[in-house]
Amino acid sequence: MSKMNVEKYTKNYFMPPQIDMSWAFKEHPGKAPVWCSVDLRDGNQALVIPMSLDEKIEFYKMLLKIGFKEIEVGFPAASETEYEFLRTLVEKDLIPDDVTVQVLTQAREHIIKRTFEALDGVKNAVVHVYNSTSVAQREQVFKKSRENIKKIAVNGAVMLKELTEAAGQSYRFEYSPESFTGTEVDYACEVCNAVLDIWQPTADKKSIINLPSTVQMSMPHIYAAQIAYMSQNLKYRDNVVLSLHPHNDRGTGVADSEMGLLAGADRIEGTLFGNGERTGNADIVTIAMNMAALGIDPQLDFSNMPEIINLYESVTRMHVYDRQPYSGSLVFAAFSGSHQDAIAKGMKWREKEKPAHWTVPYLLIDPKDIGREYDGDVIRINSQSGKGGVAYIMEQKYGLDMPKKMREDFGYCVKDISDRKHKELLPDEIYKIFHDFYVNIEAPLSLIDFKLNKTADGMRNGTVHLYINGNEKRLSAQGNGRLDAVSNALQKELKINYSNLIYSEHAMEIGSSSRAMAYIGITGENGKNVWGAGMDTDIITASVKALISAVNKLL
Ligand SMILES: CC(=O)SCCNC(=O)CCNC(=O)[C@H](O)C(C)(C)COP(=O)(O)OP(=O)(O)OC[C@H]1O[C@@H](n2cnc3c(N)ncnc32)[C@H](O)[C@@H]1OP(=O)(O)O
Ligand SMILES: CC(C)C(=O)C(=O)O
Ligand SMILES: [Mg+2]
């Protein structure tokens, strides 16, 4: 038994009178819903400091750029800023013809009237009226019967209709039985149908019925079952746009949205990154990207996520959580060795095989599709990392293609340093470690120059001119290849033995000068493997430097 006082709690939601779960057999909704951003209203009303007029305009322009066609721009009766914002959109002609602005109002006469004043001159608007219908609010807040609560909704609906007609406009209407999730489902349906009876929606002028999980109270499949019931029992269903407005108290705002769509909904109200009251609203970025990741066009454009995040963070003063799906700074990052290895191999496989679809392990989508980079965003190095990840960074960022065995050596070297320093190592730091550890090592042997000649029998004569602990020396020997000749000269003079010469080389570009990199691995008499690398404009010199680096490490 935990010490939590769970007996204090019970379920406050209601199962629908008929339960239809057939929607659960659908795999996905098939097409994008109608999206409505409520960032400038629900998101804004939850901020410590609501957005200023200029900030709202900046945010609004970003929503247009993303592709929203329906935007709840505010609660005009709430404050001067809210009112002025809508007036500015009208007066500065900032509402494109294909965009509908939505305004929220309580079902109270003076609030509705003020809302209509703010709308003066708007061509396409949705007027959204709400009143709470839940048991808790009926009992504790409004202290009214079911019938009287329904009357509030109906009176509001009448006012919207009359004021729209008086203004000579054809605004569309939306009704929300606020706190739907704490309302008996058949009663919520009765209230919505009473509102629809007033509005008499037609195919040309559909009404929106919006079913909020104002406070999430149940698991998502229960919410979806409630939506299925409403979808099947609302009057004028063909002329009703059934909208969802999930919050996130139980952390399932996205799941509510997705299951609600399966259960028959047509429209989603939500916010970018899930900003909103308490734990927030459903995160439209996640819902839309979840569709994109299944190959369904969400009809919203998040191809420049970093730009969207920057603006969002600056005007809301909120922070996008590091692990927020798709948008968080760490959501594509792999620190752990086995993930990195699989990603690096998956990327290589993809480059070679060119498959039609994205299947790289551990990455649901290609980070590049939302403006993120592989460098720095995907493979990141700490003490949990392995050779595959380290080698990937060295190859992608610096063009260094180490032999397989050397990758292991370097991987452990980097891991140890990260472990001891107890920090992440950035690519430039890793490159510096590589350089310090392997490249052109100059003690105790330091190369001055060397000469290689072919002998009559096809062998090579090698003479190496170098310092050994500061003393100048010339060493000579024969070998069956250039490197062999130099290697023999070193072994003979220094009286050391090593075997298993592993060698590879490639050209590389750093800055403007084209260079070569050579890698050499040797095994000492004690069985220890050591690696050296040589960098030079000349490939033969690079290989001699690599050998001397390896021998220096052995010594
Ligand atoms: C779930 C949601 O997010 S709903 C949207 C919530 N957003 C906001 O409230 C932000 C903007 N709101 C405001 O600025 C203010 O609340 C205003 C300007 C709209 C109204 O301000 P006020 O009238 O001063 O205060 P308040 O909102 O507390 O009004 C409460 C009264 O309205 C009634 N009321 C509340 N909501 C509604 C509604 N949707 N329909 C009808 N009456 C309502 C209450 O029962 C209460 O009645 P009482 O005066 O008889 O006790
Ligand atoms: C106004 C309504 C739709 C709302 O924001 C909610 O219930 O969460
Ligand atoms: Mg809300």
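Residues numbered from 1 in each chain as written. Chains lettered and ligands numbered in written order. Predicted model: local features only at pLDDT ≥ 70, side-chain atom pairs only at ≥ 80, totals over all residues.

Asker: So what exactly am I meant to see when it comes to the overall build of the protein here?
Answerer: Across its full length, the protein holds 18 helices and 14 strands. Here the C-alpha radius of gyration of the protein, 34 Å, is well above what a compact globule of 555 residues would show, namely 24 Å. The principal-axis extents of the C-alpha atoms in the protein amount to approximately 110 × 60 × 40 Å. Split into buried and exposed, the 555 residues of the protein put 43% on the buried side. Excluding contacts between residues fewer than 6 apart, the proportion of contacts in the protein whose partners are at least 24 apart in sequence is 65%. (Helix = DSSP H or I, 4+ residues; strand = E, 2+ residues; numbered from the N terminus. Rg over C-alpha atoms; globule rule 2.2 N^0.38 Å. Buried ≥ 20, exposed ≤ 12 C-beta atoms within 10 Å, placed from the backbone. Contact = placed C-beta atoms within 7 Å.)

Asker: Would you explain the site of ligand 1 in this entry?
Answerer: Neighbouring residues of ligand 1: 17 residues in total, closest F75, A78, Q106, A107 and N131. Every element with two or more residues in the shell around ligand 1 is listed here: α1 (39–45), β4 (125–132) and α5 (135–142). Classifying every residue of the shell around ligand 1 by side-chain character gives nine nonpolar, four polar and four charged. (Near = placed C-beta within 6 Å. Nonpolar A, V, L, I, M, F, W, Y, C, P; charged D, E, K, R; others polar.)

Asker: Help me understand the domain arrangement of the protein, please; the structure alone is not making it clear to me.
Answerer: Accessible area lost upon the coming together of the parts serves often as the stated size of an interface. In terms of domain boundaries, the protein breaks down into domain 1 (61–269), domain 2 (337–430) and domain 3 (445–554). The straight-line distance from the C-alpha centre of domain 1 to that of domain 2 is 48 Å. (Domains from an automatic or database assignment.)

Asker: Quick question: what am I supposed to make of the nonpolar core here?
Answerer: Here is a general trend for soluble globular proteins: nonpolar side chains tend to be buried in one another's company. Formed by 143 residues in total, the largest nonpolar core has its most connected members in V73, V103, I227, A288, V486 and L547. The element best represented in this core is helix α7 (residues 185–199), accounting for eight residues. (Core = buried A, V, L, I, M, F, W, Y, C linked by C-beta atoms within 7 Å.)

Asker: I tried to follow the packing of helix α17 (residues 482–494) against helix α18 (residues 539–554) on my own but got confused; where do I start?
Answerer: Helix packing for two helices is described by the angle between their axes and how far apart those axes are. Two numbers describe how α17 lies on α18: the axes approach to 10 Å, and their chain directions differ by 35 degrees. Helix-helix and strand crossings are classified by hand; for α17 and α18 the assignment is right-handed. Contacts between α17 and α18 involve R482, L483, V486, S487 and L490 on the former and, on the latter, I540, S543, V544, L547 and V551. (Axes fitted to C-alpha atoms, helices over the stretch in contact; angles between N-to-C directions. Left-handed = near helix turned anticlockwise from the far one by under 90°.)

Asker: When you look at the site of ligand 2 in this model, what are you seeing that I'm missing?
Answerer: Lining the immediate surroundings of ligand 2 are D42, L104, Y130, S176, E178, N210, P212, T214, H245 and H247. Secondary-structure elements contributing two or more residues to the shell around ligand 2 are β5 (172–178) and β6 (207–213). Residue composition of the shell around ligand 2, by class: three nonpolar, five polar and two charged.

Asker: Got a minute to help me understand the UniProt feature "binding site: Mg(2+)" (unreviewed entry) in the protein in this structure?
Answerer: Mapped onto this numbering, the UniProt entry annotates "binding site: Mg(2+)" (unreviewed entry) at D42, H245, H247 and N281. Sequence-wise these annotated residues cover 240 residues; spatially they are packed, their C-alpha atoms never more than 10.2 Å apart. Checked against the element boundaries, D42 lands in helix α1. In this structure D42 comes out as buried when scored by C-beta crowding, with 23 C-beta atoms within 10 Å. (UniProt positions renumbered as here; feature names shortened; annotations may be inferred.)

Asker: What exactly am I supposed to notice about the environment of I112 here?
Answerer: Inspection of the secondary structure puts I112 in helix α4 (residues 109–119). For I112, a count of 20 C-beta atoms within 10 Å translates into the label buried. Between the C-alpha atoms of I112 and M159, which are 47 residues apart in sequence, the distance is 7.6 Å.

Asker: Where do I start with α4 in this structure?
Answerer: In an α-helix there are 3.6 residues to a turn, and that puts residues three or four apart on one side. The set of residues buried in α4 consists of I112, T115, F116, A118 and L119. With its buried residues spanning 155 degrees around the axis, α4 presents them on a single face. Exposed positions of α4 whose direction lies more than 90 degrees from the buried face are E109 and H110. Where α4 is buried, its residues contact α3 (80–91), β3 (100–106), β4 and α6 (146–166). (Arc of directions from axis to C-beta.)

Asker: Just checking my understanding: could you explain the sheet that holds strand β7 (residues 240–246) for this structure?
Answerer: Strand pairing within a sheet occurs via backbone hydrogen bonds; the two strands may be parallel or antiparallel. The strand order around the closed barrel formed by eight strands is β1-β2-β3-β4-β5-β6-β7-β8, and the pairing between neighbours is parallel. Each adjacent strand pair in this sheet contributes to an overall mean axis angle of 25 degrees, direction not counted. Relative to β3, strand β2 (residues 70–74) is paired through four bridges, and the arrangement is parallel. Bridge pairing in β3 places G74 opposite V103. (Pairing = 2+ DSSP bridges.)

Asker: Explain the UniProt feature "domain: Pyruvate carboxyltransferase" (unreviewed entry) in the protein to me, please; I cannot follow it from the model alone.
Answerer: If you check UniProt for "domain: Pyruvate carboxyltransferase" (unreviewed entry), the listed places come out as residues 33–306 in our numbering. Across residues 33–306, the secondary structure splits into 45% helix and 18% strand, with the terminal C-alpha atoms separated by 24 Å.

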